[in-house]
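# Breakdown of the fold
Letter by letter, the chains look like this.
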Amino acid sequence: MKRIITVQDISCVGKCSLTVALPVISAMGVEACVLPTAVLSTHTAFKGFTFRDLTGDISSITNHWKQEKITFDAIYTGYLGSFEQIELMQTFIKDFGDGGTRVIVDPCMGDNGSLYSGFTKDFAAAMASLCSKADVIVPNLTEASFMLGIPYVSQGYTKEYIEDLIQKLSELGARKIVLKGISFDDKKLGIATYDSQTEKITWYFHEKMPQNFHGTGDIFASVLTGALVRGLTIEKACRLAADFVVESIKATLSHKDYNWYGVDFESALPFLISQISDN
């Protein structure tokens, strides 16, 4: 069985980060190992959440893995809360990223034109440095803009603008780019994928859902990583990830009293399993 290590926080309630990555990757028939960076009582959209930083535990955990000669088919990093954690991940990739191990970096640090609380432009530059070590990066438009140090454009952009943005992202060093949250009209939302070896951009658009939910980016990145490890092409992996997010949102909105803090991805897992089994 293939094995993925995913590195991000645990929000005990909230359906994001590790509480999403673990069940989704496991449902895809891939062993999901975890390296938690912090433990939160809930995700940060709740008020009064507790937070315990686990940075001090990361090196001892990874040193034990080296002693046991544990290897991974993919390294998937999500939310990282500090410069030190970014530096630790660069070391981790150096120690565990050889031998065909894929490195997928989801630079979780902002959305809708703003960085998340506590993050700065310097942090975005450090994240760009981590992305240079990746095989695949999965930014949204906000994260892409901050990593490149250019103004964020929310609407009215052209296809040529997105193509230029992708080209600049590829210059950071990652071999493949997955740029999320692209929209040229009010009805469709999509993804552009780019392979630096073929210099080909592939577009995929799906219906734009009427409501946004916390954690859907984590779901997308988890499915993408699982699909890549299962052998799907980057284009098929992106389509599957996007379709699963849409199915999860639809399942959520089908309930009269749905939870506001995350999507009902559990109900959509049969869809995911059937799709991954067909590929």
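Described in the following lines is the structure provided in the data block. Source: prediction; values computed, not measured. (Residues numbered from 1 in each chain as written. Predicted model: local features only at pLDDT ≥ 70, side-chain atom pairs only at ≥ 80, totals over all residues. Heavy atoms only, no water.)

## A few points about the environment of tyrosine 76
Rule in force here: For helices the rule is a DSSP run of H or I covering at least 4 residues; for strands it is a run of E covering at least 2, with both sets numbered from the N terminus onward. Nitrogen and oxygen atoms within 3.5 Å of one another constitute a polar contact, given that in protein one can donate a hydrogen and the other can accept it, and given that sequence-neighbouring residues count only through two side-chain atoms.
Take tyrosine 76: it is sitting in strand β4 (residues 74-77). Sequence spacing of tyrosine 76 and proline 139 is 63 residues, and the spatial spacing of their C-alpha atoms is 13 Å. Engagement of the side chain of tyrosine 76 in a polar contact is seen with the backbone oxygen of aspartate 218, the distance being 3.5 Å.

## Here we look at the packing of aromatic side chains
The cut-off we apply is this: Between rings of Phe, Tyr and Trp, where Trp is taken as its six-membered ring, a pair exists when centres lie within 6.5 Å; planes separated by under 30 degrees are stacked, by over 60 edge-to-face, and by other angles tilted. Exposure is judged per residue with a 1.4 Å probe applied to protein chains only, and the accessible area is read against the type maximum: over 50% gives exposed, under 20% gives buried, and values in between give partly exposed.
For the structure on display, the rule yields 18 aromatic pairs. Ring plane angle 55 degrees and centroid distance 6.0 Å describe the contact between phenylalanine 184 and tryptophan 203, whose orientation is recorded as tilted. Remark: tryptophan 203 occurs in strand β11 (residues 200-207) and phenylalanine 184 occurs in the loop between β9 (176-182) and β10 (188-195); sequence separation between them is 19 residues. In this structure phenylalanine 184 comes out as partly exposed when scored by relative accessible area, which is 37%. With 5.8 Å between their ring centres and 90 degrees between their planes, tryptophan 260 and tyrosine 261 make a pair best called edge-to-face. Taking the relative accessible area as the measure of exposure, tryptophan 260 reaches 48% and is therefore partly exposed. Assessed through its relative accessible area of 18%, tyrosine 261 is described here as buried. Within the aromatic cluster, the residues linked to one another by ring pairs are Tyr157, Tyr161, Phe184, Trp203 and Phe205.

## A closer look at helix α9 (residues 265-277)
Going by this rule: One less than the number of residues in a helix, times 1.5 Å, gives the span that helix is expected to have. A residue's bend is the angle separating two fitted axes: one through the seven residues that end there, the other through the seven that start there. Contacts are assigned to residue pairs that have any heavy atoms within 4.5 Å of one another.
Taking 1.5 Å per residue as the helical rise, α9 with its 13 residues ought to reach 18 Å, and the 18 Å between its terminal C-alpha atoms agrees with that figure. Its axis deflected by about 25 degrees at phenylalanine 271, α9 carries its strongest bend there. Of all the positions in α9, only Phe265, Ala268, Leu269, Leu272 and Ile276 are classed as buried. In the core, the buried residues of α9 are packed alongside α1 (17-27), α7 (216-229) and α8 (234-253).

## A look at the packing of helix α5 (residues 141-148) against helix α6 (residues 159-170)
We apply this condition: Where helices are involved, their axes are fitted lines through C-alpha atoms of the stretch in contact, as for all axes, and angles between N-to-C directions lie from 0 to 180°. Should an angle lie under 35 degrees it is considered roughly parallel, over 145 roughly antiparallel, and from 65 to 115 roughly perpendicular; all remaining angles are considered oblique. Two helices cross in a left-handed way if the nearer one is turned anticlockwise from the farther one by less than a right angle. They cross in a right-handed way if the turn is clockwise. Think of it as three bins: nonpolar holds Ala, Val, Leu, Ile, Met, Phe, Trp, Tyr, Cys and Pro, charged holds Asp, Glu, Lys and Arg, and polar takes everything else, Gly as well.
One way to put it is that α5 packs onto α6 with a least axis distance of 10 Å and a crossing angle of 55 degrees. Judged by the angle between their axes, α5 and α6 are oblique. For the crossing formed where α5 meets α6, the hand is left-handed. Along the contact surface, α5 presents Leu141, Ala144, Met147 and Leu148, while α6 presents Ile162, Leu165, Lys168 and Leu169. The residue inventory of the contact of α5 with α6, partitioned by class, reads 7 nonpolar, no polar and 1 charged.

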